[in-house]
Amino acid sequence: MKELIRTNDPVLVSFLMHRLREEGIEPFEMDVHMSLTEGSLGILPKRIMVVDDDYGRARNILDEVQRSG
């Protein structure tokens, strides 16, 4: 697995996860439950991981999402 992005932006995470799934890429969201330990301050970023074979396509989708935002 490779890290696609690390971010504190919950809207970006949600939209990117949606777009990846639309394209047949199953992302894995890490650090989701860290908000429990940080007190929901949003200071610890979440990571989106993808399978190595999907990384190139996922990177293209991330670039598209970031350009449109």
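What counts as what
Residues numbered from 1 in each chain as written. Predicted model: local features only at pLDDT ≥ 70, side-chain atom pairs only at ≥ 80, totals over all residues. Heavy atoms only, no water. Helix = DSSP H or I, 4+ residues; strand = E, 2+ residues; numbered from the N terminus. Expected span 1.5 Å × (residues − 1). Buried < 20%, exposed > 50% of the residue type's maximum accessible area, 1.4 Å probe, protein only. Arc of directions from axis to C-beta. Contact = heavy atoms within 4.5 Å. Polar contact = N/O pair within 3.5 Å; in protein donor to acceptor, adjacent residues only side chain to side chain. Patch = residues over 30% accessible without salt bridge, like charges linked within 9 Å, V, L, I, M, F, W, Y side chains within 5 Å. Areas by Shrake-Rupley, 256 points an atom, 1.4 Å probe, with all protein chains shown as cover. Salt bridge = Lys/Arg side-chain N within 4 Å of Asp/Glu carboxyl O. Axes fitted to C-alpha atoms, helices over the stretch in contact; angles between N-to-C directions. Parallel < 35°, antiparallel > 145°, perpendicular 65-115°, else oblique. Left-handed = near helix turned anticlockwise from the far one by under 90°.

Undergrad: Describe in detail helix H1 (residues 10-22), supporting the description with residues and values.
TA: Since there are 3.6 residues in each turn of an α-helix, residues three or four apart along the chain are aligned in direction. For H1, which comprises 13 residues, the first-to-last C-alpha distance of 18 Å matches the rise-based estimate of 18 Å (1.5 Å per residue) to within 8%. Within H1 the residues assigned to the buried category are Leu12, Val13, Leu16, Met17, Arg19 and Leu20. The arc that holds every buried residue of H1, seen down its axis, measures 165°, which confines them to one face. Seen from the buried face of H1, the exposed residues on the opposite side, beyond 90 degrees, are Pro10 and Val11. Here the buried face of H1 lies against strand E1 (2-7), strand E2 (28-30), strand E3 (46-50) and helix H3 (55-68). Between the side-chain oxygen of the N-cap and the backbone nitrogen of Val11 there are 3.0 Å, and the N-cap of H1 in question is Asp9.

Undergrad: Just give me the short version of a nonpolar patch on the surface, but keep the residues and values in it.
TA: Residues Met1, Phe28 and Val51 make up a contiguous nonpolar surface patch of roughly 300 Å² in combined accessible area. By the element assignment, Phe28 lies in strand E2.

Undergrad: Account for the packing of H1 against H3, with residues named and values stated.
TA: Their axes nearest at 10 Å, the elements H1 and H3 cross at an angle of 135°. When the axes of H1 and H3 are compared, the pair comes out oblique. Helix-helix and strand crossings are classified by hand; for H1 and H3 the assignment is right-handed. Listed contacts from H3 to Leu12, Phe15, Leu16, Arg19 and Leu20 of H1 are Ala58, Ile61, Leu62, Glu64 and Val65.

Undergrad: Explain the environment of Asp31 to me, and be specific about the residues and the numbers.
TA: Along the chain, Asp31 turns up in the loop between E2 and helix H2 (34-38). Judged by relative accessible area, which is 25%, Asp31 ranks as partly exposed. Between the C-alpha atom of Asp31 and that of Ile48, which follows or precedes it by 17 residues, the distance is 9.0 Å. Sequence-distant contacts of Asp31, defined by excluding residues within four places in its chain, comprise Pro45, Lys46 and Arg47. At 2.6 Å, the side chain of Asp31 forms a polar contact with the side chain of Arg47.

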